[in-house]
Amino acid sequence: MTSKMTLPCDAAVLVQRPVSLCHHPEPCLTPSSLHFYLQGVPNNYETDLIYPIVSKAAELAGLDYHTANPAAQTALKVIGDHTRAVVYLISDGVLPSNVGRGYVVRRLLRRVVMKGRLLGIRDQFTSQVAEVAINLSAACDSQVRIWVHSETVCKDTGMPQNPDAPAQHTCC
């Protein structure tokens, strides 16, 4: 008589992970969580991969990230994370559009601009925060600067001054 052995969910996931990295059913350290653990910061947004972008956005908004209220900190984190994502997407040739991956880029850029406006940034700023992200990844892709600058300036000028007003899309 054979009995069918069932594994709990964690054990099923554990089977797929390398044994050297994870010896128990608790979640293992991913590369990104390992990165902030090694740097001694509380989250991914404060690592050297994203914090310079967050810091530049805070500077443009006239805020100090560490003393800002939680809502402002969240908006700054969104700007940092989304800007970094947009830089890599555009460097891969994904341009803002109304379909597919281009729609994702467009929505990410709009959200960056919206969060900046909510923080009180009224001038064009996406190219400035994108420049920080580009400098962080310049060793990876030398052509990223040309693509990203033209697209982020285009998107920034197409956004209304009032974040609640509909955008007039002139180029994206």
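Use the structure listed above.
Below you will find a few notes about this structure. Source: prediction; values computed, not measured. (Residues numbered from 1 in each chain as written. Predicted model: local features only at pLDDT ≥ 70, side-chain atom pairs only at ≥ 80, totals over all residues. Heavy atoms only, no water.)

Here's the deal with the overall build of the protein
Moving on, step 1. Looking only at helices and strands, the protein has 7 helices and 0 strands in total.
Moving on, step 2. In the protein, the succession of helices and strands from N to C terminus is α-α-α-α-α-α-α.
Moving on, step 3. A buried classification covers 38% of the 172 residues belonging to the protein.
Moving on, step 4. Excluding contacts between residues fewer than 6 apart, the proportion of contacts in the protein whose partners are at least 24 apart in sequence is 53%.
Moving on, step 5. With the model as given, the accessible surface of the protein reaches about 10,400 Å², and the carbon-plus-sulfur share is 57%. (Helix = DSSP H or I, 4+ residues; strand = E, 2+ residues; numbered from the N terminus. Buried < 20%, exposed > 50% of the residue type's maximum accessible area, 1.4 Å probe, protein only. Contact = heavy atoms within 4.5 Å. Areas by Shrake-Rupley, 256 points an atom, 1.4 Å probe, with all protein chains shown as cover.)

Some thoughts on the packing of aromatic side chains
Moving on, step 1. Scanning the model with the defined rule gives 1 aromatic pair in all.
Moving on, step 2. Ring centres 5.7 Å apart and planes at 75 degrees place the aromatic pair Tyr51 and Tyr65 in the edge-to-face group. Placement of the pair is Tyr51 in helix H3 (residues 51-61) and Tyr65 in the loop between H3 and helix H4 (70-91), with a sequence separation of 14 residues. (Phe/Tyr/Trp six-rings, centres within 6.5 Å; stacked < 30°, edge-to-face > 60°.)

Quick look at the packing of H4 against helix H5 (residues 100-118)
Moving on, step 1. Relative to each other, H4 and H5 sit at 150 degrees, their axes nearing to 9 Å. Relative to H5, H4 is oriented roughly antiparallel. Considering only the axes of H4 and H5, their crossing is left-handed. Across the interface between the two elements, Ala75, Val78, Ile79, His82, Thr83, Ala85, Val86, Leu89 and Ile90 from H4 touch Val105, Leu108, Leu109, Arg111, Val112, Lys115 and Gly116 from H5. (Axes fitted to C-alpha atoms, helices over the stretch in contact; angles between N-to-C directions. Parallel < 35°, antiparallel > 145°, perpendicular 65-115°, else oblique. Left-handed = near helix turned anticlockwise from the far one by under 90°.)

Considering the environment of Val132
Moving on, step 1. With respect to the helices and strands, the residue Val132 is situated in helix H6 (residues 126-136).
Moving on, step 2. Considered as a pair, Val132 and Pro52 are 80 residues apart in the sequence and their alpha carbons are 6.9 Å apart.

Structural notes on a nonpolar patch on the surface
Moving on, step 1. A grouping of Leu34, Tyr37 and Leu38 is seen on the molecular surface, where their side chains present a nonpolar patch of about 350 Å² in accessible area.
Moving on, step 2. With respect to the helices, strands and loops of the structure, Leu38 is situated in helix H2 (residues 31-39). (Patch = residues over 30% accessible without salt bridge, like charges linked within 9 Å, V, L, I, M, F, W, Y side chains within 5 Å. Salt bridge = Lys/Arg side-chain N within 4 Å of Asp/Glu carboxyl O.)

Describing the pattern of salt bridges
Proximity of charged atoms lets side chains of opposite charge pair with each other.
Moving on, step 1. Within this structure, the stated rule accounts for 1 salt bridge.
Moving on, step 2. Linking Glu59 and Lys56 is a salt bridge whose minimum nitrogen-to-oxygen distance equals 3.6 Å. Remark: Lys56 and Glu59 occur in helix H3; sequence separation between them is 3 residues, near one turn of the helix.
Moving on, step 3. Glu59 sits in the exposed class, given a relative accessible area of 54%.
Moving on, step 4. Lys56 sits in the partly exposed class, given a relative accessible area of 22%.

A closer look at H3
Moving on, step 1. When we look at burial in H3, the residues that qualify are Ile53, Val54, Ala57, Ala58 and Ala61. The arc that holds the buried residues of H3, viewed along the axis, is 135 degrees, so those residues lie on one side.
Moving on, step 2. Looking at the buried side of H3, the elements it contacts are H4 and H6.
Moving on, step 3. Note on H3: the residue one or two positions beyond its end, Gly62, has a positive phi of about 75 degrees. (Arc of directions from axis to C-beta.)

Considering the nonpolar core
Moving on, step 1. Ranked by size, the top nonpolar core spans 22 residues in total, and within it Leu76, Ile79, Leu119, Phe125 and Val129 carry the most contacts.
Moving on, step 2. Of all the elements in the fold, those that place two or more residues in this core are H3, H4 and H6.
Moving on, step 3. Not counting residues up to four positions away in its chain, the partners in contact with Leu76 are Val54, Ala57, Ala58, Leu63, Tyr65 and Leu119.
Moving on, step 4. Listed in part, the 6 residues of the second largest apolar core include Val86, Ile90, Leu108 and Leu109. (Core = buried A, V, L, I, M, F, W, Y, C linked by side-chain atoms within 4.5 Å.)

Some words on the side chain of Lys77
Moving on, step 1. Its place among the elements puts Lys77 in helix H4.
Moving on, step 2. No salt bridge is formed by the buried Lys77, whose closest oppositely charged neighbour, Glu46, lies at an N-O distance of 5.5 Å.
Moving on, step 3. Those residues within four positions of Lys77 in sequence are excluded, and the remaining contacts are Asn43, Tyr45, Val54 and Tyr65. (Lys, Arg positive; Asp, Glu negative; His and termini not counted.)

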